[in-house]
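Letter by letter, the chains look like this.
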Amino acid sequence: MRKTNGCNKSGGPNDSVVHLFLSSKIDLKGKNIMEKEKIEKIVNKHRHEKSAILAILHEVQAEDNQLNTESLRYIALLLGVPYSNVYGLATFYSAFSTAKRGKTLVRACDGISCHINGSEEIIEVLKSKLNIELGQTTWDEAIGLEKVRCLGLCSISPNVSFNDKTYSNLNKEKIIEILQKVTGDSK
Amino acid sequence: MMVQMTLNNKEIEAPEGLTILEVARKQGIDIPTLCYHEALGPYGVCRLCIVEVGGALRKGIRISCIQNVMDGLVVNTESERVLRNRQFLFELLLARSPDSNELIDLAAKHGVFESRFYEADSDDNCVRCGLCVRVCRDKIGAFALCFAHRGYDRRVTTDFESLSEYCIGCGTCAQICPTGAIKMKDEGEERIIYTKNGVIARFELETCNVCGMPYAPKKYLDFVKRNSDESMAVNVVRDLCPACARRTGAINLVGQMTV
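Basis of the calculations
- Residues numbered from 1 in each chain as written.
- Chains lettered and ligands numbered in written order.
- Predicted model: local features only at pLDDT ≥ 70, side-chain atom pairs only at ≥ 80, totals over all residues.
- Helix = DSSP H or I, 4+ residues; strand = E, 2+ residues; numbered from the N terminus.
- Buried ≥ 20, exposed ≤ 12 C-beta atoms within 10 Å, placed from the backbone.
- Contact = placed C-beta atoms within 7 Å.
- Core = buried A, V, L, I, M, F, W, Y, C linked by C-beta atoms within 7 Å.
- Axes fitted to C-alpha atoms, helices over the stretch in contact; angles between N-to-C directions.
- Parallel < 35°, antiparallel > 145°, perpendicular 65-115°, else oblique.
- Left-handed = near helix turned anticlockwise from the far one by under 90°.
- Pairing = 2+ DSSP bridges.
- Nonpolar A, V, L, I, M, F, W, Y, C, P; charged D, E, K, R; others polar.

Participant: Is there a simple way to think about the overall build of chain A in this case?
Facilitator: Secondary structure summary: chain A contains 7 helices and 4 strands in total. Each helix and strand of chain A, ordered N terminal to C terminal, gives the series α-α-α-α-β-α-α-β-β-β-α. Sorting the 187 residues of chain A into buried and exposed places 27% on the buried side. Here the contacts in chain A between residues at least 6 apart in sequence split such that 67% fall between residues at least 24 apart.

Pasting the structure below:
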């Protein structure tokens, strides 16, 4: 059987040394967050292993489109790691977001190749069509817009990715067409 | 075990297991550092302690706070290559923390007065050496501080950037901070630990049993009690302020000696 590092199988919060000095326990009632059970299920899937924290954060982020304070606290309690570690991780990686992200995340590449091939124009089109700035989400929480450095597709630049699907060789007309298709689908 | 090595063209003998930085400082050679502290293990983030090595190691630039000394090592701490590289590092650090007077002074001492790089919009006087985070994590074991965000946004903060629930109010972070970015003050019966960006923690202070002076937060005393043996002196004088504890300790000692 695989060795686990002091995990508790019950699924309840891990009462390890780091959490002994907490003045208050978290209250998840009445907060607009993921249900406790969903987080517990994900943490249980990874056998309460501290080393799996990034995988857990990825799954919670995918489930909820955000890693808010309460979710992060609950994950920390379940794994028995300090809040500060979890917060440091969640803010370090751009794959995670502590604010609510749109259902569809539009990542417009602005790396060197894409920039030379006119990504600026495409980003302007996206901004004006969605009526949001970079890093923001539309009012109905459907689409979020982000600028990224490189998607690794420089030879067919400029690129924009919608969640996992990437569109290449774009120009002004193409991006408007794609955007209409995507917004039509998601509504 | 001693090793034979060359330090700045001088043959010296050094004890095995020490780092180049420790040996050089013992020899009275000045190597600037930001992230090094005797109490903490090697970290190697500020890179200012670079030296040129050769001989037993492949010739090149190494960080002296991590590299151990070895037999036949040739170290040069003041070669032109080291100075040039260090000036470049100072420029990078100045771009990161352009508001820190301590860093500006240290850079000026090494002949760097301005940075050619884009300067961060920072006004918290922090140089991101990480000493406070490491001492809180590794030595105290409180885990109150962490680094959050990255790149130009990287900063020392508490969990979720609110009042820390882990902080015990010991003030080690304020004491170890080389630039004074973290401050601690006792105001009346309240202790506040704060940075320019916000308050890390607030505590009610417990009063001394003898003189009635407020002296330490309850959480801190509980922490000390939990982590210390029953037989230790700290438990005998638990509810006394440092001055009264010293007096009581002296009386106890002298009393025992005379009786």
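Don't stop here, the text continues.
Participant: Looking at this structure, how should I read the nonpolar core?
Facilitator: Generally speaking, a soluble globular protein has its nonpolar side chains buried in company with each other. Grouped together as the largest cluster of nonpolar side chains are 79 residues, with contacts concentrated most on Ile75 and Tyr87 of chain A together with Cys132, Cys136, Ala144, Leu145 and Cys167 of chain B. Per element, the largest residue contribution to this core is 7 residues, and it comes from helix H3 (residues 69-79) of chain A. Apart from residues no more than four positions distant in its own chain, Cys132 of chain B is found in contact with Leu145, Val156, Cys173, Ile176, Cys177 and Ile182 of chain B. Core analysis: the next-biggest nonpolar cluster, separate from the first, contains 14 residues, Val106, Ile122, Ile123 and Ile175 of chain A among them.

Participant: Could you clarify how one ought to interpret the packing of H3 of chain A against helix H4 (residues 83-92) of chain A in this entry?
Facilitator: The relative placement of two packed helices is expressed as an angle between their axes plus a distance between the axes. Residues and elements named next belong to chain A. Two elements in contact, H3 and H4, have axes separated by 9 Å at closest approach and are oriented at 130 degrees. Between H3 and H4, the angle is such that the two are oblique. The handedness of the crossing between H3 and H4 is right-handed. Note on element contacts: H4 touches H3 through Tyr83, Val86, Tyr87 and Ala90, opposite Leu72, Arg73, Ile75 and Ala76.

Participant: Would you mind showing me how to read the pairing of strand S2 (residues 10-15) of chain B here?
Facilitator: The side chains of a regular strand alternate, residue by residue, between the two faces of the sheet. All names here are of chain B. Direction of pairing for strand S1 (residues 2-7) relative to S2: antiparallel, over a ladder of 6 bridges. Each bridged residue has a counterpart across the sheet, and for Val3 the counterpart in S2 is Ala14. The antiparallel pairing of S1 with S2 creates a hairpin that spans 2 residues between the two strands, and Asn8 there sits at a positive phi of about 50 degrees.

Participant: Explain the interface of chain A and chain B to me, please; I cannot follow it from the model alone.
Facilitator: By convention, interface size is frequently given as the accessible area that disappears when the constituent parts associate. Contacts between the two partners involve 14 residues from chain A and, on the opposite side, 16 residues from chain B. Top element by residues in the side of chain A that touches chain B is H4 of chain A. It accounts for 7 residues. When grouped by side-chain class, the residues that make up the side of chain A that touches chain B number 7 nonpolar, 7 polar and no charged.

Participant: I keep staring at the packing of helix H2 (residues 53-64) of chain A against H3 of chain A and nothing clicks. Help me out?
Facilitator: All names here are of chain A. The geometry of H2 relative to H3 is characterised by a closest axis approach of 12 Å and an angle of 145 degrees between their N-to-C directions. The crossing of H2 and H3 is right-handed. In contact with Ile53, Ile56, Val60 and Asp64 of H2, H3 contributes Ser71, Ile75 and Leu79. Tallied by class, the residues present in the contact of H2 with H3 amount to 5 nonpolar, 1 polar and 1 charged.

Participant: Whenever I open this one, the sheet that holds strand S4 (residues 165-167) of chain A confuses me. Can you help?
Facilitator: Strands belonging to one sheet form pairs held by backbone hydrogen bonds; the direction of such a pair is parallel or antiparallel. Residue and element names in this part refer to chain A. An order of S2-S1-S3-S4 is seen for the 4 strands of this open sheet, with the pairing classed as mixed. Two strands in the sheet have a free side with no partner beyond their single neighbour: strand S2 (143-148) and S4. When the angles between neighbouring strand axes are averaged without regard to direction, this sheet yields 20 degrees. Note that strand S3 (residues 160-162) and S4 share 3 bridges and pair antiparallel. Along S4, the bridge assignment pairs Phe162 with Lys165. Running over the sheet, helix H6 (residues 119-130) touches strand S1 (104-109), S2 and S3 and is turned about 155 degrees from S1.

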